[in-house]
Amino acid sequence: MLRIVVCVSGGGTNLQAVLDAIDAGKITNAQVAAVISNSAGAKALQRARDHHIPGILMSPKEYSDREAYNEAFTAQMAGLNPDLIVLAGFLVRIPPQMVQRFPDRIINIHPSLIPSFCGVGYYGLKVHEKVLERGVKVTGATVHFVNEGMDEGPIIAQKAVYIEENDTPELLQRRVMEQAEWVLLPQAIDDIANGRLEIVDGHVRHRESRV
Ligand code: GAR
């Protein structure tokens with residue numbers, strides 16, 4: 001049974017998609033052991049508690065400096081003994097020591113087709129604002145392994161979403177979530193939980209077809 005810790009910052013709709021997929025049997029061999037948030041007000045923490053999953057607050061604001069936070073966050077994570085760490089809308093940079101401690105065991109969902117519209121400053125609604133500003137016709141979402149770079153680790157899966165006339169950042173964000181994020185993230189977790197993914201020469205390979 002894959003032991004998952006989910007890290008969140010806000011609404012937690014991706015967390016909800018994962019919990020729903022586990023409840024529905026779409027993700028097998030996996031359980032969410034804990035949810036960590038950097039923000040006390042995150043609705044995601046309530047979603048965790050509603051599911052009888054411990055919700056843990058780890059805010060950088062409570063530490064003297066970033067290094068102290070990084071050490072405490074990594075120690076907290078290690079204490080939870082996760083097989084997989086899922087960043088589901090987590091807007092704090094993952095400490096390098098955590099990446100080293102959990103190699104190929106941290107995944108992230110990002111609301112664009114990486115390497116477009118990603119990296120420093122591209123998170124949440126801002127991604128969709130910049131997509132519309134640039135006038136691209138296709139966007140989407142990406143699930144990838146996390147390395148020490150920003151949105152740079154091996155890509156697990158991507159799904160395209162078309163821009164529509166009269167899109168606003170909010171409308172587009174919702175469509176990218178519905179059509180791509182809430183599909184890709186549970187699928188990636190199920191693939192990892194059931195040994196269907198491997199990393200070969202820095203690239204993710206699917207061991208077998210999912211259909
Ligand atoms: C999601 O769209 C997720 O892809 C994005 O934040 C949102 C969180 O929503 N993540 C990033 O931008 C990471 N760079 P949620 O809390 O409702 O799942």
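Presented here is an overview of the structure given in this document. Please read all numbers here as calculations on a predicted model, not as lab measurements.

## Topic: the site of the ligand
Consideration 1: In the region of the ligand, 14 residues are neighbours, and Gly-12, Thr-13, Asn-14, Gly-124 and Glu-181 sit closest.
Consideration 2: The separation between an oxygen atom of the ligand and a polar side-chain atom of Asn-14 is 2.9 Å.
Consideration 3: One of the side-chain nitrogen or oxygen atoms of Glu-181 is found 2.7 Å away from an oxygen atom of the ligand.
Consideration 4: Isolated, the ligand exposes 450 Å² of accessible area, and the fraction of that covered by the protein chains is 91%.
Consideration 5: Broken down by secondary-structure element, the contributors of at least two residues to the shell around the ligand are helix 1 (13-23), strand 5 (106-110) and helix 6 (169-193).

## Remarks on the pairing of strand 1 (residues 2-8)
Consideration 1: Burial analysis of strand 1 places six of its seven residues in the buried class, the great majority of the element.
Consideration 2: Where strand 1 and strand 2 (residues 30-37) come together, seven bridges link them in parallel fashion. Note that in strand 2 the partner of Ile-4 across the bridge is Val-32.
Consideration 3: For the crossover from strand 1 across helix 1 to strand 2, the handedness is right-handed.
Consideration 4: Two strands pair when backbone bridges link them, and strand 1 and strand 4 (residues 84-87) are joined in this way by four bridges, in the parallel orientation. The partner of Ile-4 across the bridge, within strand 4, is Leu-84.

Conventions used here
Residues numbered from 1 in each chain as written. Predicted model: local features only at pLDDT ≥ 70, side-chain atom pairs only at ≥ 80, totals over all residues. Heavy atoms only, no water. Near = heavy atom within 4 Å. Polar contact = N/O pair within 3.5 Å; in protein donor to acceptor, adjacent residues only side chain to side chain. Areas by Shrake-Rupley, 256 points an atom, 1.4 Å probe, with all protein chains shown as cover. Helix = DSSP H or I, 4+ residues; strand = E, 2+ residues; numbered from the N terminus. Buried < 20%, exposed > 50% of the residue type's maximum accessible area, 1.4 Å probe, protein only. Pairing = 2+ DSSP bridges. Right-handed = clockwise from strand over helix to strand, strands pointing away.

Remember, this is a structural readout, not a statement about activity or role.
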